[in-house]
Amino acid sequence: MKRASKRITKERVHKICGILNQTYSTEYKCYLNYETPWQLLFATILSAQCTDERVNQVTEKLFVKYPTLEAFAHADLKEMEQDIYSTGFYKNKAKNLILCAGQLLERHQGQVPDRLEDLVQLAGVGRKTANVIRGNIFHEPSIVVDTHVKRISRLLYLTKNEDPVKIEQDLMKVLPREQWILYNIQIITHGRSICIARRPKCGECPLQTVCPSCEV
DNA sequence: CTCCCGATAT
DNA sequence: ATATCAGGAG
């Protein structure tokens, strides 16, 4: 097959978005299960270096056992470590959940803040988690650079950077604003099903004609 | 930069 | 055995 151009042209970007929208869902629905904003925040904190499927298994029980921010804030550390054990990094995550719950109650009246500066001040919340909240809860156009977005955006030559902040800026320049949140959700779907980190299934990839890294 | 860290696929 | 999974903090 003819190698796709590495240039970031409007035509190639438009094609990429078109294929993604045609292939994957155009719903603003993430894969983490939650009922309230703070539950999405906590689920996202737990999702660091862990599959969202496992996070959902853990949070299903966790949000029943600890139904409120107050319950989290007053939880026993060792007990919560066991409750979230299988998500990995369980000591850090348990400590952060308890701390974060207290911070939400003290600083924000139990509400999840919408500003990036406030979100990243919370325990266990970095730029990626903050952008997930801004996109999914407050519907603020935002680019979420997770492991899939980083890997696949580089394969597509939409960025040459390694730094998540620079990748975020590159993608904001290139992608239409209304596509920002969708791009993230669709790329995750794509990264789990087709463009798998270990062994990308280029033969089954709908982006063959626009991906410079295509191995077909 | 290092450390945190279990579960799964290959 | 090793890479990878919706990263964040010191």
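Everything quoted here is computed from the prediction, not taken from an experiment.

*Asks:* Residues and numbers for the protein's contact with DNA strand C, please.
*Replies:* Near DNA strand C, the surroundings consist of 29 residues, among which C30, T129, H148, R151 and R198 are the closest. Within the backbone of G126, a nitrogen or oxygen atom sits 3.0 Å from a phosphate oxygen of DNA strand C. Taking D146, its side chain carries an N or O atom lying 3.4 Å from a base nitrogen of DNA strand C. Contributions of two or more residues to the surface near DNA strand C are made by α8 (127-136), α9 (147-155) and α11 (180-193). Its residues assigned to classes, the surface near DNA strand C shows 13 nonpolar, nine polar and seven charged.

*Asks:* Break down empty space enclosed by the protein for me, citing the residues and quoting the values.
*Replies:* Scanning all chains against the criterion turns up one cavity of 30 Å³ or more. Computed from the structure, the largest cavity encloses a volume of approximately 40 Å³. In this structure, the largest cavity is lined by N131, V132, G135, N136, S142, V144, I181, N184 and I185. Among the secondary structure elements, those contributing two or more residues to the lining of the largest cavity are α8 and α11. Top element by residues in the lining of the largest cavity is α8. It accounts for four residues. Tallied by class, residues from the lining of the largest cavity come to four nonpolar, five polar and no charged. Two domains each donate at least three residues to the lining of the largest cavity, and these are domain 1 (10-28 + 145-204) and domain 2 (37-136).

*Asks:* Would you mind going over helix α10 (residues 164-174) in detail, with residue names and values included?
*Replies:* Looking at α10, one finds that the buried residues are I167, E168, D170 and L171. With its buried residues spanning 165 degrees around the axis, α10 presents them on a single face. Where the residues of α10 are buried, they touch α8, α9 and α11.

*Asks:* Describe in detail the domain arrangement of chain A, supporting the description with residues and values.
*Replies:* Interfaces are often sized by the amount of accessible area the parts lose when they come together. Domain annotation of chain A identifies domain 1 (10-28 + 145-204) and domain 2 (37-136). Between the C-alpha centres of domain 1 and domain 2 there is a distance of 26 Å. Residue-level contacts link seven residues of domain 1 with six residues of domain 2. Buried surface at the junction of domain 1 and domain 2, summed over both partners, amounts to about 540 Å²; 43% is from carbon and sulfur atoms. Interface area lost by domain 1 to domain 2 is led by E168, I181 and R192, which between them contribute 54%. Taken together, the connections running from domain 1 to domain 2 amount to two salt bridges. Between E168 and R127 there is a salt bridge; the shortest N-O distance is 2.7 Å. On inspection of domain 1 and its partner domain 2, the count reaches three residue pairs in polar contact (both at pLDDT 80 or more). Of all the elements in the fold, those that place two or more residues in the side of domain 1 that touches domain 2 are α10 and α11. Of the residues that constitute the side of domain 1 that touches domain 2, the class distribution is four nonpolar, no polar and three charged.

Reading guide: rules and limits
Residues numbered from 1 in each chain as written. Chains lettered and ligands numbered in written order. Predicted model: local features only at pLDDT ≥ 70, side-chain atom pairs only at ≥ 80, totals over all residues. Heavy atoms only, no water. Near = heavy atom within 4 Å. Polar contact = N/O pair within 3.5 Å; in protein donor to acceptor, adjacent residues only side chain to side chain. Helix = DSSP H or I, 4+ residues; strand = E, 2+ residues; numbered from the N terminus. Nonpolar A, V, L, I, M, F, W, Y, C, P; charged D, E, K, R; others polar. 1 Å grid on protein atoms, 1.4 Å probe; cavity = no way out; pocket = protein on both sides within 12 Å on 5 of 7 lines; lining within 4 Å. Points joined across faces, edges and corners; volume = space filled by probe spheres on them. Domains from an automatic or database assignment. Buried < 20%, exposed > 50% of the residue type's maximum accessible area, 1.4 Å probe, protein only. Arc of directions from axis to C-beta. Contact = heavy atoms within 4.5 Å. Buried area = accessible area lost by both parts, 1.4 Å probe. Salt bridge = Lys/Arg side-chain N within 4 Å of Asp/Glu carboxyl O.

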